[in-house]
Structure formats: structure tokens, C-alpha cells
Amino acid sequence: MSMAELPIAIMGFNRPNYLQRVLTSLKTQQGVDLSRHKLLYFQDGSIDPYSGEERASQSDIERNIKIFKDNFPDGQVFSSESNLGVALNFERAEREVFDNLSAPAAIFLEDDLVLGPLYLKAMYEMLELASSHPEIGYVSVYGDHIASLDEQRRRSAEIALLGHNWAFALTQAQWRKSAPYVEQYLALVRGADYRKRPGQKIKDLFHSWGCGAPGTSQDVAKTLACFLTGGVKLNTVPAYGQYIGEIGLHTNPGLFAKMGFGETKVMEDELLLPHEITTEALVQVRKQLASYCNGEISSAPKPQADPPIRMTDAEVSLLTRYLRRSKFYLEFGCGGSTALAIRESKGMIVSVDSDATWISKLKQVATVQQAVSSGRLAGC
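Residues numbered from 1 in each chain as written. Predicted model: local features only at pLDDT ≥ 70, side-chain atom pairs only at ≥ 80, totals over all residues. Heavy atoms only, no water.

K.L.:
Would you mind going over the pairing of strand E11 (residues 328-332) with me for this structure?
P.N.:
Walk down a regular strand and you will see the side chains alternate between the two sheet faces. Where burial is concerned, the two faces of E11 differ: the one with Tyr-329 and Glu-331 is buried and the one with Phe-328, Leu-330 and Phe-332 is not. Looking at chain direction, E11 and strand E12 (residues 348-352) are connected through five bridges and run parallel. Note that in E12 the partner of Glu-331 across the bridge is Ser-351. Handedness of the E11-helix H12 (residues 336-344)-E12 crossover: right-handed. (Buried < 20%, exposed > 50% of the residue type's maximum accessible area, 1.4 Å probe, protein only. Helix = DSSP H or I, 4+ residues; strand = E, 2+ residues; numbered from the N terminus. Pairing = 2+ DSSP bridges. Right-handed = clockwise from strand over helix to strand, strands pointing away.)

Shown next as C-alpha cells:
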């Protein structure tokens, strides 16, 4: 599958007017053949099953689907009966393109970034450049939204850190490398209204990874996972698209104006990109990514080391053999055996202890903290 044949997943929810603008910009791409792409539309549902609250009107949902089919009659619609929330709607899109379609990479568009006429063409070229660097997991070309056109031209040979996951391409390899971390995050949001997700548990999870918690969104979780697996996220300096999400889950008109998103100068007539991606440039972007991921870590509680195991070597060996075969582990008395069970068992763990002070101390252990946050360990 060539870069010009990657599936394009389009995420929609409750903004038909935005969606129409995005799809119009997709239809008018220059220098690409959209008929070679599989176009997939993922429409989230109305009622959240956990809070019972309406997150989108049924009329907006129906209008969105009609807009997509009117623009792309041969495209495929994936409509959810209930409201999944951003994280789980993205999860099903990722599973479709990577598990079911086995695509080496895929392009993901939301309903809040209008593509300039050269967006996909620029994306193809950046993906080709990135293909010789397996550590590059994400690529986008929406660029520096506050740079003038002169500055964009002057700095067109540079690469930048991709901040927001807007109109981006993701490789299957990075998706699979990130999965062990991302799944821990998804375990915390699966049983909750995404807008009411358990913020402190998510922060505790990020801290247990040794990272800061600059936010609790799925974008943050995936950025941390990319960093922890040695990945890099790239953006261009030239802006080939414009963010329009003045009203949305994480934005409002005041913030939109303050950030200057409405003033973006889109590169519409020139395709100016780096001629190569150097190792030195990637190192600099990696440093910026590290700074973002660790920026809040100083305020996080410092995880403690695993407690010692009060057993002989023979006893540890015997318990380890049974743990590796176990589907459920129950113990009385938290401690070193709990940490061993977390490491060696794949099953659910329940640990019971009568000492509240000891339990509180044990929850500062990185291994235990992570297991509690992900839902694998209960009772401790």
C-alpha cells in the first residue's frame, strides 16, 4: 500500500457545519486521487450510557451522516448507537484501519481542521521522508498557526514537534508500540462518561509511568505513550491547514481568539517542505517532546520502590510458577508478593490487608500505583 492509498478516517460528532467545511476541503485537494483512498466516517452517538446525558442531538447526527454520504457516496459509515466519547470513538477507528484493514499507516481527520488545497500532498511527502526513520510515529502538516507566510517560507526546511493531534497520520507500528500504555488509559475511561472521566486516577496513571500529567485527554495519553516507546511526533512549520474549532469539547470562542487560530495564514500555492529529516533535527524534537511529557512531573508524588519479598528463593520460584498460570490471584497481606503478582500474573489481583497506614504507603509504589489505576489490582 503506497502513501497515496492510505485509509482516511474521519471523526464526527455534533458539528454539521464544521464537518461540511472539512469534507469540502478534502474533496478539493490538489495533486491527489481520492478514489485510491478508502474513506471511513466514524459518527459518535447521542446518549452517554453512564451519565444518561444527551451529548448530541439525533438531528445533528443524521445530518452529519447525510453530509458525508452526499460528499462521498462510496465512503463507509460507522455509526455508534450510544455516545462513546472521543477516546473510544478513536479506538474503534484505529482498530478498523490497523487490525481489519492492516494498513501500514492511516490518516485521521476530525471535524475541526479545514485542509488547505495542498494538505494531503504535503502529508504524502512528509510520510515519505519519515519512512526512513522508524521512530517517527505521527506526522501532520497543519504547521505553525501564528507564523506569517514569509516566516513559513523562511523556515520551511525545519521540522517541528507535533502538539495537538489534528489532521495527522499515525503508523501501525507506533500504534502497536503504544498499545500497552494506551490500553491502561482506556481501561479508566471505558466505564465512564468521557466528559466526566476520572481525572485524578488518570493523573496517577501518568505519574506511575514516570511522566507528568499535562492533561487527562486521550491525546495526552497517546503523546506520553509515543514518548515512552521511543517515538517522535512531527509537524511542519508551513501551515497547510487551519483549525476552526471555536466551539468544542476543549475550546471556546475566548480561548480560540486568544490563541490566534482565526488568523492562521495557510500556504495554498507553494509546497515547501524539508528535503530531508536529519538525525540531529529528530534529537531536538525528541527533547521538546521530553520536556512536554516531564513538565509537570516535579509536582507528582515520587513513586517508591517495590517492597522486599519476605520469602526464600525457593518459595519465590514456586509462587512465580503458579502466578504465571493464574487467571485470578487472591492474597491476605499486601507487600512484596503483591508486586510479584503484578509483574508475573496476567490475571485480576485482589489483595486484602487490615493495616490502613501500610496500604496507603504501598499505594505509593510505582508497580502497585499503576495496577490500581488500570483496574488490575483491587482491595489494596
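K.L.:
Can you walk me through the nonpolar core in this structure?
P.N.:
Core analysis: the biggest nonpolar cluster contains 64 residues, and Ile-8, Ile-10, Leu-26, Phe-108 and Tyr-119 have the highest contact counts within it. Excluding residues that lie within four positions of it along the chain, Ile-8 makes contacts with Leu-26, Leu-34, His-37, Lys-38, Leu-39, Leu-40, Ile-107, Leu-109 and Leu-120. In this structure, Val-189, Cys-211, Ala-221 and Leu-224 belong to the second largest nonpolar core, which totals 21 residues. (Core = buried A, V, L, I, M, F, W, Y, C linked by side-chain atoms within 4.5 Å. Contact = heavy atoms within 4.5 Å.)

K.L.:
Can you help me understand the layout of surface pockets in this one?
P.N.:
Take a probe with the size of a water molecule and roll it over the atoms, and the empty space left behind shows itself. Reported here for the largest pocket is a volume of approximately 1000 Å³. Lining the largest pocket are 45 residues, and of these Glu-110, Trp-166, Asp-219, Leu-249 and His-250 lie nearest its centre. Elements supplying a minimum of two residues to the lining of the largest pocket: strand E1 (8-12), helix H3 (86-100), helix H8 (218-228), helix H9 (253-259) and helix H10 (279-294). It is H8 that contributes the most residues to the lining of the largest pocket, four residues altogether. Class assignment for the residues of the lining of the largest pocket results in 18 nonpolar, 16 polar and 11 charged. Quantified by volume, the second largest pocket comes out at close to 320 Å³. As for the second largest pocket, its lining consists of 20 residues, of which Tyr-142, Gly-143, Asp-144, His-145 and Asn-235 are closest to the centre. Listing elements by their share of the lining of the second largest pocket, those giving two or more residues are strand E7 (159-161), strand E9 (232-236) and strand E10 (241-243). When residues in the lining of the second largest pocket are grouped by element, the largest group, three residues, is from E10. (1 Å grid on protein atoms, 1.4 Å probe; cavity = no way out; pocket = protein on both sides within 12 Å on 5 of 7 lines; lining within 4 Å. Points joined across faces, edges and corners; volume = space filled by probe spheres on them. Nonpolar A, V, L, I, M, F, W, Y, C, P; charged D, E, K, R; others polar.)

K.L.:
What exactly am I supposed to notice about a nonpolar patch on the surface here?
P.N.:
A cluster of nonpolar side chains, Phe-328, Leu-330, Phe-332, Met-348 and Val-352, forms an exposed patch at the surface whose accessible area comes to about 520 Å². Of all the secondary structure elements, the ones that give two or more residues to the nonpolar patch are E11 and E12. Examining the composition of the nonpolar patch, we find that three residues originate from one element, E11, more than from any other. Its place among the elements puts Leu-330 in strand E11. (Patch = residues over 30% accessible without salt bridge, like charges linked within 9 Å, V, L, I, M, F, W, Y side chains within 5 Å. Areas by Shrake-Rupley, 256 points an atom, 1.4 Å probe, with all protein chains shown as cover. Salt bridge = Lys/Arg side-chain N within 4 Å of Asp/Glu carboxyl O.)

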